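This is what each chain is made of:
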Amino acid sequence: MIGITRLYCGTATPGDTLRYGRQTSKLPAHLLHYSEDKKPIVVWNYTRRCNLRCIHCYSDSHEQDYPGELTTEEGKRFLDDVAEFQSPTVLFSGGEPFTRGDLFDLASYGIAQGLRCVISTNGTLIDAATARQIKETGFSYVGVSLDGMQKTNDKFRGKKGAFEEALQGIRNCREAGVRVGLRFTITKYNFRELPEILDLLESENIPRCCFYHLAYAGRGGKLSKSDLAPEETRWAVDLILDRTMDFHKRGIEKDILTVDNHTDGVYLYMRLLQENPERAEEVYQMLRWNGGNQSGIAIADVDNLGNVHADQFWQHYSFGNVKERKIGDIWTDTSDPLMAGLKNRKPLLEGRCAVCKYLDICNGNLRVRAEAATGNPWAPDPACYLTDAEIGIA
Ligand code: SF4
């Protein structure tokens, strides 16, 4: 995750992070990327059931029961273990979290254990009463997925009217005083609508937006041929950077981030070298602390059945199950070669990633995308859009 506003517009500095001692338990949420002890943020796909049929869904969810999901009691035991491991945040995801009845019970329990609870949702089930309950429960943030304007989004989501329903969900959250933001996955089919999405952030007064690069997993795997060409990605990232700076200069508070392509951090640094070399050096320092991709390190995923994965896109490979072992024990057990490799991947990386001069701030990018494209988790990430000259190997 690259905090574009905080890095590019200078609203976070190395000093901010140092003041908190760089320990996960002490850092406020917006500085967690720069922690030293790297306790993982846990994505919990706590149900696989979903009311929509999005074409890029990594968990390949449907409107049906999935036997074996963690019960409420098992969920609470799991949250105890997450808190004991001192993970800072649990992200309730799916499927669609609001299709399961014990969301508020579990989140209240997690918050009482000191966890910061956030939700990732398609937003279509958030009516006014639900939004008030989100607020009362104490969720810190709700991320609502929109993948284009009306026509495009509804096609992505497999439901006519999904755009309006999600937008109403966002408005209900804002009305109830819940911090809410957008999640947008960039593909060939929707990237030309980025300007309209950025306009929407302003007209709807939505304070945060995460732009996700495509990971080739689940139903998104079938879209791998629909990923952007390097020049298209550069166009998209330049647009995001320009518009983020424009918001900042006009005094409009927006927290803009990009996710699942750490090439963005390198690209931002290279741009700052031209525009503001002094800030570029500060940003490089923060990107180094961030450490590039954190799959298997500071981002963990637990699926609906309790299986632990390196991130949400590795659903096909498990390190163990939280019904049988504590998440902390599974996460620190490096007897599994993939877990060991992800935690110390530099000696294993191949091709251009192995010799890239920005390896320290990218960490070889999203390994599951390399695996999906080549069958080899240590191959170069196919979504890197930098030239050989830019990464110092020409
Ligand atoms: S070559 Fe690999 S390590 Fe370097 S920026 Fe691209 S994806 Fe990252």
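Rules and cut-offs
Residues numbered from 1 in each chain as written. Predicted model: local features only at pLDDT ≥ 70, side-chain atom pairs only at ≥ 80, totals over all residues. Helix = DSSP H or I, 4+ residues; strand = E, 2+ residues; numbered from the N terminus. Rg over C-alpha atoms; globule rule 2.2 N^0.38 Å. Buried ≥ 20, exposed ≤ 12 C-beta atoms within 10 Å, placed from the backbone. Contact = placed C-beta atoms within 7 Å. Axes fitted to C-alpha atoms, helices over the stretch in contact; angles between N-to-C directions. Parallel < 35°, antiparallel > 145°, perpendicular 65-115°, else oblique. Left-handed = near helix turned anticlockwise from the far one by under 90°. Nonpolar A, V, L, I, M, F, W, Y, C, P; charged D, E, K, R; others polar. Pairing = 2+ DSSP bridges. Right-handed = clockwise from strand over helix to strand, strands pointing away. Near = placed C-beta within 6 Å. Expected span 1.5 Å × (residues − 1). Arc of directions from axis to C-beta. Core = buried A, V, L, I, M, F, W, Y, C linked by C-beta atoms within 7 Å.

Novice: Before we move on, could you go through the overall build of the protein and cite the residues and values that matter?
Specialist: The helix and strand tally for the protein stands at 16 helices and 10 strands. Relative to the compact-globule value of 21 Å for 394 residues, the protein shows a C-alpha radius of gyration of 20 Å, a close match. Its C-alpha atoms put the protein at 55 × 50 × 45 Å along the principal axes. Across the 394 residues in the protein, those meeting the buried criterion constitute 49%. Across the protein, contacts joining residues at least 24 apart in sequence account for 72% of those joining residues at least 6 apart.

Novice: Describe the packing of helix α5 (residues 128-137) against helix α7 (residues 162-176), with residues and values.
Specialist: Viewed as axis vectors pointing N to C, α5 and α7 meet at an angle of 50°, and their least axial separation amounts to 8 Å. Classified by the angle their axes make, α5 and α7 are oblique. Crossing handedness for the pair α5 and α7: right-handed. Two secondary-structure elements touch here, α5 through A128, A131, R132, I134 and K135 and α7 through N172, C173, E175 and A176. Residues belonging to the contact of α5 with α7 are distributed by class as follows: 5 nonpolar, 1 polar and 3 charged.

Novice: So what's going on with the pairing of strand β4 (residues 116-121)? Residues and values would help.
Specialist: β4 sits mainly inside the fold: 5 of its 6 residues count as buried. Pairing between strand β3 (residues 89-93) and β4: 4 bridges, direction parallel. Bridged to T89 within β4 is R116. Taken together, β3, helix α4 (residues 103-112) and β4 constitute a β-α-β crossover, and its handedness is right-handed. What joins β4 to strand β5 (residues 141-145) is α5, and the crossover it makes is right-handed.

Novice: Let's hear about the site of the ligand: which residues, and what values?
Specialist: Around the ligand sit 16 residues in total, of which C353, C356, C362, N365 and C384 are the nearest. For the shell around the ligand, the elements supplying multiple residues, two or more each, are α10 (263-275), α14 (351-355) and α15 (359-362). Among the residues making up the shell around the ligand, the classes are represented as 10 nonpolar, 4 polar and 2 charged.

Novice: Can you explain helix α3 (residues 72-84)? Please cite residues and give values.
Specialist: Counted at 1.5 Å a residue, the expected span for α3 with its 13 residues is 18 Å, and the 18 Å between its end C-alpha atoms agrees. Along α3, the positions that sit buried rather than exposed are G75, F78, L79 and V82. Around the axis of α3, the buried residues are gathered within 100° of arc, so they sit on the same side. Opposite the packed face of α3, turned more than 90 degrees from it, sit the exposed residues E73 and E84.

Novice: Pulling in residues and values, what's your account of the environment of K323?
Specialist: Inspection of the secondary structure puts K323 in the loop between β10 (308-309) and α12 (327-332). Under the C-beta neighbour-count criterion, K323 is labelled partly exposed, with 14 such atoms within 10 Å. Taking the C-alpha atoms as reference points, K323 and P88, 235 residues apart in sequence, are found 21 Å from one another. When sequence neighbours within four positions are dropped, the list of residues in contact with K323 reads E74 and G306.

Novice: Please provide a residue-by-residue account of unusual backbone geometry, values included.
Specialist: A cis amide bond links G94 with the next residue in sequence, G95, at an omega value of 5°. Structurally, G95 is set in the loop between β3 and α4. Positive phi values are uncommon outside glycine, yet R22 reaches one of about 60°. Inspection of the secondary structure assignment puts R22 in the loop between α2 (14-19) and β2 (41-45). A count of 15 C-beta atoms within 10 Å places R22 in the partly exposed class.

Novice: Break down the nonpolar core for me, citing the residues and quoting the values.
Specialist: By size, the foremost hydrophobic cluster in this structure holds 106 residues, and its most contacted members are V42 and L268. Among the elements that take part in this core, α7 stands out by supplying 6 residues, more than any other.

Novice: Describe the pairing of strand β7 (residues 208-213), with residues and values.
Specialist: With 5 of 6 residues buried, β7 lies mostly within the body of the structure. The sheet contact formed by strand β6 (residues 180-186) and β7 spans 6 bridges and is parallel. Bridge pairing links L182 to C209 in β7. Read as a crossover between parallel neighbours, the route from β6 over helix α8 (residues 194-203) to β7 is right-handed. With 5 bridges connecting them, β7 and strand β8 (residues 255-259) associate as parallel partners. Among the inter-strand pairings, Y212 is bridged to a residue of β8, identified as V259.

Shape descriptors only; they carry no functional weight alone.
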